[in-house]
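# Results of the structural survey
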Amino acid sequence: MSNAPLMPKATAVWLVDNTALSFDQVADFTKMHPLEVRAIADGDAAQGIKGMDPISTGQLTREEIERGEKDANYRLKLSESKVTLPPSPKKKGPRYTPVSRRHERPSAILWLVRNHPELKDSQIMRLVGTTKTTIASVRDRTHWNASTLTPMDPVTLGLCSQIELDFEVQRAAKEKPADQAYGGATLLPASETTRKEPEPAPTEKQQDDLNVDAVFAKLKTIGGKKSEE
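Residues numbered from 1 in each chain as written. Predicted model: local features only at pLDDT ≥ 70, side-chain atom pairs only at ≥ 80, totals over all residues. Heavy atoms only, no water.

### Quick look at the overall build of the chain
Going by this rule: Note on conventions: DSSP H or I runs of at least 4 residues are helices, E runs of at least 2 residues are strands, and numbering of each starts at the N terminus. We call a residue buried when its accessible area falls under 20% of the maximum for its residue type, exposed when it is over 50%, and partly exposed in between, using a 1.4 Å probe and counting protein chains only. Contacts are assigned to residue pairs that have any heavy atoms within 4.5 Å of one another.
On a plain count of helices and strands, the chain comes out with 11 helices and zero strands. When its helices and strands are written in sequence order, the chain yields α-α-α-α-α-α-α-α-α-α-α. For the chain, with 229 residues in total, the buried portion stands at 28%. Long-range contacts, defined here as pairs at least 24 residues apart, represent 62% of the contacts in the chain between residues at least 6 apart.

### Examining the pattern of salt bridges
To be explicit about the condition: Between Lys or Arg on one side and Asp or Glu on the other, a salt bridge is scored when a side-chain nitrogen of the former is within 4 Å of a carboxyl oxygen of the latter.
Summed over all chains, the structure comprises four salt bridges. Among the ionic pairs, R67 bridges to E64, the shortest N-O distance being 3.7 Å. Of this pair, R67 and E64 both sit in helix α4 (residues 62-70), three residues apart, which is roughly one turn of that helix. R67 sits in the partly exposed class, given a relative accessible area of 46%. The class for E64 is buried, based on a relative accessible area of 9%.

### Looking at the packing of helix α6 (residues 121-128) against helix α7 (residues 132-139)
Counted only if it meets this: Inter-axis angles, ranging from 0 to 180 degrees, are taken between N-to-C directions of lines fitted to C-alpha atoms, where helices are fitted over the stretch in contact. Relative orientations are named as follows: roughly parallel for angles under 35 degrees, roughly antiparallel for angles over 145 degrees, roughly perpendicular for angles from 65 to 115 degrees, and oblique for any other angle. In this count, Pro and Cys sit with the nonpolar residues alongside Ala, Val, Leu, Ile, Met, Phe, Trp and Tyr, while Asp, Glu, Lys and Arg are called charged and the others, Gly among them, polar.
In contact at an axis separation of 10 Å, α6 and α7 are set at 110° when each is read in the N-to-C sense. Taken as axis vectors, α6 and α7 run roughly perpendicular relative to one another. Note on element contacts: α7 touches α6 through K132, I135 and R139, opposite D121, I124 and M125. Residues of the contact of α6 with α7, tallied by class, amount to three nonpolar, no polar and three charged.

### So, the nonpolar core
Put simply, the rule is: What we call a nonpolar core is a set of buried Ala, Val, Leu, Ile, Met, Phe, Trp, Tyr and Cys residues that are connected through their side-chain atoms within 4.5 Å.
Of all hydrophobic cores here, the largest spans 19 residues; its most connected members are I109, L112, L119, I124, L127, V128 and L165. For this core, the elements supplying multiple residues, two or more each, are α5 (105-115), α6, α7 and α9 (162-175). If we skip the residues at most four places from it in the chain, L119 touches L112, I124, L127, E168, V169 and A172. Membership of the second largest hydrophobic core comes to 17 residues, among which are L21, F29, M32 and Y74.

### Quick notes on unusual backbone geometry
Among all residues except glycine, the phi angle is most often negative; among peptide bonds, the trans geometry is most common. With a phi angle near 60°, K31 is a residue other than glycine that sits in the positive phi range. By secondary structure assignment, the location of K31 is in the loop between α2 (23-30) and α3 (34-42).

### Details of the side chain of E104
Position of E104 relative to the elements: it lies in the loop between α4 and α5. Residue class for E104 comes out buried when judged on its relative accessible area of 17%. Here E104 is in contact with L157 and L159, once residues within four sequence places are set aside.

So far we have only geometry, and geometry alone does not tell us how the molecule works.
Below, the structure written as structure tokens:
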């Protein structure tokens, strides 16, 4: 079977201490890297971890271990469990947050509100397991501890996974309407900038003034001719 045993590191500790299996065999059974198993044998890793007997838990048989000890190329097979547990129904509702992490939720909410304002309250509630009232108090700075809150990434705090956060952010981006792009001001074409505007037609008053000026100019011309004679 390809499934790893329960508590693989503790199982590896027990197999290293109580059997003559090779590092590769232990690594293959526990789905660990052979170098990590070697580090366990050298005392450089898994310090303080108590070994777990896979025989007592029904994950291995003594015969299977002996077969592996006799043949270094043999790969141990995980025993099938005789007890079948019914699948647990998926619960709907806010995410459960451990008591030790609950005091960090306001800091995570503040981080989400500042860095991802596109997220809805319902999405923040799913990510950090909080209430709408708490989100509103953090956003409005009316939270009882608002003066000392520091924005902290909920993934770093262990309140949600990076995959869950990315999913909610992408979902919010799809639901948000795209803003119309503004291309900015553009220069007018040369045909518009060099075009001469047509001169306005003279008004009736301007036409009368032109006629009077023409009459006086003609009279001056006639008077000048008579004086020369």
